[in-house]
Structures are given as C-alpha cells and as structure tokens.
Amino acid sequence: MLIAEIILSAIIIYCLIYVFLWLLLDCNVRLWWNSYFGRSLRKLRGQVIWITGASSGIGRALAIQLAKHGVHLVLSARREDLLERVKDECLQVAKDLLTEEEILILPMDILKVEDHKKCFDKVLEHFGKLNILVNNAGRSQRAHWEDITIEVDRDLFELDVFATLHLSRLVVRYFLDATNGKGHIACTSSVAGMAIVPFSASYCAAKHALNAYYQTLALEHRSLDVTIFNPGPVITDFLKEAFTALPNEKFGHETNEQYRMTAERCGYLYATALVNKLQMSWCGRFPVNLMCYVTRYSLLTAVMNCFITPQRMQKVRDGEP
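Here the structure is a predicted model, which means the values were calculated and not measured.

K.L.:
Talk me through the pairing of strand 6 (residues 225–231); I want residue IDs and the actual numbers.
P.N.:
On any regular strand, side chains alternate: one points to one face of the sheet, the next to the other face. Among the seven residues of strand 6, six are classified as buried, and the element is accordingly described as predominantly covered. Bridge count between strand 5 (residues 184–188) and strand 6: five bridges; the pairing is parallel. Opposite Thr-188, over in strand 6, you have Phe-229 as the bridge partner. Read from strand 5 through helix 7 (residues 201–220) to strand 6, the crossover connection turns out right-handed. One ladder, built from four bridges, connects strand 6 with strand 7 (residues 280–283); its direction is parallel. If you follow Asn-230 over to strand 7, its bridge partner there is Trp-282.

K.L.:
Account for unusual backbone geometry, with residues named and values stated.
P.N.:
Excluding glycine, most residues fall at negative phi; most peptide bonds, likewise, are trans. Here the amide bond leading from Phe-286 into Pro-287 is cis, since omega sits at 5°, within 30 degrees of zero. Turning to its location among the elements, Pro-287 is positioned in the loop between strand 7 and helix 9 (288–295). Phi angles above zero are rare outside glycine, and Lys-95 is one such case at about 55°. Along the chain, Lys-95 falls in the loop between helix 4 (80–94) and strand 3 (103–105). Although it is not a glycine, Phe-199 sits at a positive phi angle of roughly 65°. When you line up the elements, Phe-199 lands in the loop between strand 5 and helix 7.

K.L.:
Quick rundown of the packing of helix 6 (residues 150–178) against helix 7? Include the residues and the values.
P.N.:
Between helix 6 and helix 7, the least distance of the axes is 9 Å, while the angle of their chain directions is 15°. What the angle tells us is that helix 6 and helix 7 run roughly parallel. For the pair helix 6 and helix 7, the sense of crossing is right-handed. Note on element contacts: helix 7 touches helix 6 through Ser-202, Tyr-203, Ala-205, Ala-206, Lys-207, Ala-209, Leu-210, Tyr-213, Tyr-214 and Leu-217, opposite Asp-153, Leu-156, Phe-157, Asp-160, Val-161, Thr-164, Leu-165, Ser-168, Arg-169 and Val-172. Residue classes in the contact of helix 6 with helix 7 are distributed as 13 nonpolar, three polar and four charged.

K.L.:
Lay out the sheet that holds strand 5 in plain terms, naming residues and giving numbers.
P.N.:
A sheet is described by the order of its strands in space; here seven strands give the open sequence 3-2-1-4-5-6-7, paired in parallel fashion. The open sheet has two edge strands with one neighbour each: strand 3 and strand 7. If you compare each strand with its neighbour and ignore which way they point, the axes differ by 15° on average. Along the sheet, helix 7 makes contact with strand 4 (132–135), strand 5, strand 6 and strand 7, crossing strand 6 at roughly 160°. Across the sheet, helix 8 (residues 263–275) lies against strand 4, strand 5, strand 6 and strand 7, angled at about 160° from strand 6, the strand it touches most.

K.L.:
Can you lay out the pattern of salt bridges for me, pointing to particular residues and giving the numbers?
P.N.:
On inspection of all chains with the given rule, the structure shows eight salt bridges. Notably, a salt bridge pairs Glu-241 with Lys-250, separated by 2.7 Å at the nearest N-O pair. Given a relative accessible area of 34%, Glu-241 falls into the partly exposed group.

K.L.:
Tell me about the environment of Thr-179, residues and numbers included.
P.N.:
Tracing the sequence through the fold places Thr-179 in the loop between helix 6 and strand 5. On a C-alpha basis, the gap between Thr-179 and Leu-130 in space is 9.7 Å, while along the polypeptide they are 49 residues apart. Within the structure, Thr-179 has its side chain in polar contact with the backbone oxygen of Phe-175 (distance 2.7 Å). Engagement of the side chain of Thr-179 in a polar contact is seen with the backbone oxygen of Lys-182, the distance being 2.5 Å.

K.L.:
Before we move on, can you summarise helix 8 with the specific residues and values?
P.N.:
Taking 1.5 Å of rise per residue, 13 residues should cover 18 Å, and helix 8 covers 18 Å from first to last C-alpha, within 8% of that figure. Counted residue by residue, helix 8 has ten buried out of 13 residues, so it is predominantly covered. Inspection of helix 8 places Ala-263, Cys-266, Gly-267, Leu-269, Tyr-270, Ala-271, Thr-272, Ala-273, Leu-274 and Val-275 among the buried residues, and these make up the whole buried set. Those residues of helix 8 hidden inside the fold are in contact with helix 2 (29–37), helix 3 (57–67), strand 4, strand 5, strand 6 and strand 7. Lys-277 sits one or two positions beyond helix 8 and adopts a positive phi of about 55°.

K.L.:
Go over the nonpolar core with me, naming the residues and quoting the values.
P.N.:
In this structure, Trp-50, Val-74, Leu-130, Ile-185 and Tyr-214 are the most contacted members of the largest nonpolar core, which totals 56 residues. With eleven residues, the single largest contributor to this core is helix 6. Once residues lying within four places of it in the same chain are set aside, the contact partners of Ile-185 are Leu-133, Asn-135, Ser-168, Val-171, Val-172, Phe-175, Tyr-214, Leu-217, Asp-225, Val-226 and Thr-227. The next biggest cluster of nonpolar side chains, apart from the first, holds 42 residues, and it includes Leu-31, Leu-41, Ile-105 and Val-275.

About the thresholds
- Residues numbered from 1 in each chain as written.
- Predicted model: local features only at pLDDT ≥ 70, side-chain atom pairs only at ≥ 80, totals over all residues.
- Heavy atoms only, no water.
- Buried < 20%, exposed > 50% of the residue type's maximum accessible area, 1.4 Å probe, protein only.
- Helix = DSSP H or I, 4+ residues; strand = E, 2+ residues; numbered from the N terminus.
- Pairing = 2+ DSSP bridges.
- Right-handed = clockwise from strand over helix to strand, strands pointing away.
- Axes fitted to C-alpha atoms, helices over the stretch in contact; angles between N-to-C directions.
- Parallel < 35°, antiparallel > 145°, perpendicular 65-115°, else oblique.
- Left-handed = near helix turned anticlockwise from the far one by under 90°.
- Contact = heavy atoms within 4.5 Å.
- Nonpolar A, V, L, I, M, F, W, Y, C, P; charged D, E, K, R; others polar.
- Salt bridge = Lys/Arg side-chain N within 4 Å of Asp/Glu carboxyl O.
- Polar contact = N/O pair within 3.5 Å; in protein donor to acceptor, adjacent residues only side chain to side chain.
- Expected span 1.5 Å × (residues − 1).
- Core = buried A, V, L, I, M, F, W, Y, C linked by side-chain atoms within 4.5 Å.

As structure tokens, then:
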C-alpha cells in the first residue's frame, strides 16, 4: 500500500510540474530542456543550411543565430537587396567564423517551382553539399470563414504547402540518392497547425496539411531528420503580407507593439530545435505554450473550449495580452 501511495504521489507531482512548466515557459518542455542541456549550436559549424524566406522575420533571425556559430548559409527570398542586408548582418555577428563565400545569396520566388531544381543545383555547385533545408517561406491570413474566396484558398496552399513540398521532394531525393538517406528537412509551420484559431481558416488548414506531410515523411524515411517548428505570434512583418479573404489583397497590419515573442528569441529556439533534431517543437508567449499542450489531448481541448471564447483566442492569435 505504501509503495502504491508513493508511486501515485510521484505521478501527481510529475504532472503538476509539467502543468507549471506549460504555464511558465515560452516553448515546449523538450525544446526548453535542450536549450540548456542539449547539443550546442557549435555542432552545426561548417554545415550547409539553406533557408527560404530568409530576407526578414524568423528566417532572418534564424540565419543570424546560425551565423554566430559558423554555419555555412544559403539565403533565399525574392528581394536580393534584403538578402544582401541579411548577409552583411550575418558576417558581422560571425566575426572570423565565416567568409563572404560561405554565405550564398540565392534569390528565388518559391512559387516558381520550375526554377527549384536550377536553384538547388547552384547550392550544390557552390558548396558541394547540403545538410539542412529550412522551408521558411510563407504567408499568414486574417479573414472570416464565410468571406474567403476559393482563389485565396488555392493561392495560400500553393505558397505555404505545395511550393514547399516541391522543393522538399527535390532535396529528399538528393539525400536518398547521394547521402545514403542522411539529411535534415525542416519547415516553419505554426501553432495554427496544431491548435485551431479563428479568422485564419485557410492558413490553419494549410499548416495542418504541412504538419501532416512532414510527419508522414518522418515515418516513411526514418534515416532522415525532420523538424517541424511551430511558432506562435512573433514580432515580424508577417501580418503586413498576410492574405485576407480576397485575392491580391494584403492585411497590412504592424505587429511591433503587440504582445509577441521577439524574432531573436524565436530564431534561437528554431536553431536549438535544428541542432538537437527535434521533430515537433513550438514556441510563443503565454498562453500559447499551454494551448499547444492542451490541444494535443482531446479531453483537455474540450475543457479549454468551455472557458476560452473565440474572441479571447483571436486576441492570443493577434499577440494581444
């Protein structure tokens, strides 16, 4: 009887500690643990990492974090002038760990899938290898469900899902054929790919699809490392470029004054997830971490939905306290 009581008490204490961490931390527990006790970012030195959507926001912050530790970088986005600026920032923080030639600027429109192979060939020609592909390009959305046109659904999926998959499949085939199945594929998803949030239906659907695709990849090719990184609200220009309900329209809102995680913190956590080869990670200021944990357990989800209104969830989504 005493042993059973001890075991039960230990389980209760364990659960209470975890719930406390869910409330306290700005990321999942495993990612937090690895940020202190996991592999150092120095382990990535000399590896070649290709980041799409690297000209601003999370992609830029990740590139700068990696450059501090001597990672060889391929930076892609549509605007070459912004990529050059990011390269300069990376060289500045890298000090003597990187040379000009060890950061490749590769302008690319991710939607032009016919150019993907040509761009990948340039990466291999320049560095002779690729270790990690980080699929970071994408756009968010703000719109009421009933107002969204089917054209927006298609456009958002083309950018956030299909273009990303096309590039990933090229790289996966390279890993399978040229590196004995060893390699690392990462994608920037979203907490909206784990927890349904209001007024972003197309975006939620796209990120859920993206997570499913990459989780399936991890199941089918266990020799590959797959990282699905799910940030919550982050201080970037993301909402400026976000889709709305109508084609060719942008949301156009700023995020700098909102209750959000900094891009620098997000970039560090992303880099930590990469070096520790964590398959599923997430981050965000309270209550994002709690929401992510709760939505992974259906019973807790039902309880949460009884107390958190759509209006409150929208405030969390928009980075409001």
